[in-house]
Amino acid sequence: MRQAGVLDVGCHSALLIVVRPSRKKAGLETMVSCKVRLGLHQMLTPDGRVSERGVRSVQRAVAKAMDGADSRQEVFAFATSVIRDAPNRDEVITRVAQATGTHLQVMSGQEEARLAYVAARRWANQTSSPLLVLDIGGGTVEIAAGTGEQPHIVHSLPLGARRITREWLPAGPFSRRHLEEVRQHLRHVLSELPDLPQAQRGGRVVACSKTFTQLARLAAAGSGKPAHARRRLTLPGLRASLALLAGTDTAGRGDLPGISGHRAEQSLAGALVAEALMEACGATRAEICPWSTREGLLLEHLGVTPGEKPRESRYR
């Protein structure tokens, strides 16, 4: 049976996953999964370069993750924005290839947005209806919308949770005035997009990424709602979670329900970005999708989702 493999090297981990088609709802069955923790956000220089320690950590993580791959299995290895946007990206990729034999590819933010949409469309199990996909990464935010298998429009913006933390929220506590300044910055950047997609009546809004997943868990815990409530995030629930995160220091955020310790530092920025995104797109609620760019790539490698390419946003 056909199989496809992907090695996803991001800020927090290197994840190898090999899948094959399945007749279940989503359509993928995991054959191999191997995750190696990284924590590259702690190994960046002030100008965003991956430090020497960081390069060695990526080399070790890639080598360890790839130990789980069958030598006969083709694996598409790619790095997300933490490496893609680093000034020494080429050096990092070259040294990882020399040490491990694995050459990391990089995709544009627009391509990541397109693949997140492909994954969300398949996960939603619908072929034609308005779909808006929101994805918060560490360095960038991806937005995609359409009515078919492929999005009509994609955007990628430099508003990732890690980036906003480094540039606007490096150390607390934060006053209400400062948080409002961050909000205004996010709103301004989003308002500059002339074709920012909006939530459509009768359509669905799907939120990808760990940031949205953890915010939904926190909101559900705070409201006392049952476990299935974690599958969606409402704007009022998000705002309540944001207030809780803003009133908790970085160390304490990791003890909040749903917030993992290694993402605690950027959880407040993630909540502010999520709020700005939902407001700007007119979304009062979003379904939480466990799939994103990685799964979109796997689906396309398996030939599960044919379709035309979208037009690219003018904003990069």
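Residues numbered from 1 in each chain as written. Predicted model: local features only at pLDDT ≥ 70, side-chain atom pairs only at ≥ 80, totals over all residues. Heavy atoms only, no water.

Caption draft 1: The arrangement of a positive patch on the surface in detail. A contiguous patch of positive charge on the surface is contributed by Lys35, Arg37, Lys210, Arg217 and Arg230. Of all the secondary structure elements, the ones that give two or more residues to the positive patch are β3 (28–37) and α7 (209–223). Among the secondary structure elements, lysine 35 is positioned in strand β3. On the accessibility criterion, lysine 35 (42% relative accessible area) is partly exposed. (Patch = residues over 30% accessible without salt bridge, like charges linked within 9 Å, V, L, I, M, F, W, Y side chains within 5 Å. Areas by Shrake-Rupley, 256 points an atom, 1.4 Å probe, with all protein chains shown as cover. Salt bridge = Lys/Arg side-chain N within 4 Å of Asp/Glu carboxyl O. Lys, Arg positive; Asp, Glu negative; His and termini not counted. Charge placed at Lys NZ, Arg CZ, Asp CG, Glu CD. Helix = DSSP H or I, 4+ residues; strand = E, 2+ residues; numbered from the N terminus. Buried < 20%, exposed > 50% of the residue type's maximum accessible area, 1.4 Å probe, protein only.)

Caption draft 2: Representation of unusual backbone geometry. Cis geometry is adopted by the peptide bond preceding proline 173, which originates at glycine 172 and carries an omega value of 0°. At serine 209, a position not held by glycine, the phi torsion is positive, near 90°. Considering the arrangement of structural elements, one finds serine 209 in helix α7.

Caption draft 3: Region of interest: the state of the cysteines. The final tally for this structure, using the stated rule, is zero disulfides. With no disulfide of its own, cysteine 208 lies closest to cysteine 289 among cysteine sulfurs, the gap being 4.4 Å. Left unpaired, cysteine 281 is separated from the closest cysteine sulfur, that of cysteine 208, by 13 Å. (Disulfide = S-S within 2.5 Å.)

Caption draft 4: Seen up close, the packing of α7 against helix α8 (residues 235–246). At their nearest, the axes of α7 and α8 sit 9 Å apart, and the two run at 90° to each other. Between α7 and α8, the crossing angle belongs to the class labelled roughly perpendicular. Residue-level inspection shows Leu215, Leu218 and Ala219 of α7 in contact with α8, the latter providing Gly237, Leu238, Ser241, Leu244 and Leu245. (Axes fitted to C-alpha atoms, helices over the stretch in contact; angles between N-to-C directions. Parallel < 35°, antiparallel > 145°, perpendicular 65-115°, else oblique. Contact = heavy atoms within 4.5 Å.)

Caption draft 5: Highlighting the confidence of the model for the chain. Looking at the chain as a whole, the pLDDT averages 91, with 93% of positions reaching at least 70. This model gives residues 306–316 a pLDDT under 50, and the stretch forms 27 contacts once residues within four places in sequence are excluded. (pLDDT = per-residue confidence, 0-100.)

Caption draft 6: Spatial organisation of the sheet that holds β3. Across the sheet, five strands lie side by side as β3-β2-β1-β4-β5; this open sheet has mixed pairing. In this open sheet, the two edge strands, each paired with only one partner strand, are β3 and β5 (105–106). Pairing between strand β1 (residues 4–9) and strand β2 (residues 13–21): six bridges, direction antiparallel. The residue of β2 that forms the bridge with valine 6 is isoleucine 17. (Pairing = 2+ DSSP bridges.)

Caption draft 7: Spotlight on the pairing of β2. Counting buried positions along β2 yields seven of nine residues, so the element is predominantly enclosed. Where β2 lies against β3, nine bridges are found, and the strand directions are antiparallel. When the sheet's bridge partners are listed, proline 21 is paired in β3 with leucine 28.

Caption draft 8: Structural detail: α7. With 15 residues, α7 should reach 21 Å at 1.5 Å per residue; the first-to-last C-alpha distance of 22 Å fits that figure. Those residues of α7 lying buried are Ser209, Thr211, Phe212, Thr213, Gln214, Leu215, Ala216, Leu218, Ala219 and Ala220. After α7 finishes, the residue glycine 224 shows a positive phi value of roughly 75°. (Expected span 1.5 Å × (residues − 1).)

Caption draft 9: Layout of the packing of aromatic side chains. If you walk through the whole model with that rule in mind, you get one aromatic pair. Ring geometry for phenylalanine 76 versus phenylalanine 78: centroids 6.3 Å apart, planes at 40°, classification tilted. (Phe/Tyr/Trp six-rings, centres within 6.5 Å; stacked < 30°, edge-to-face > 60°.)

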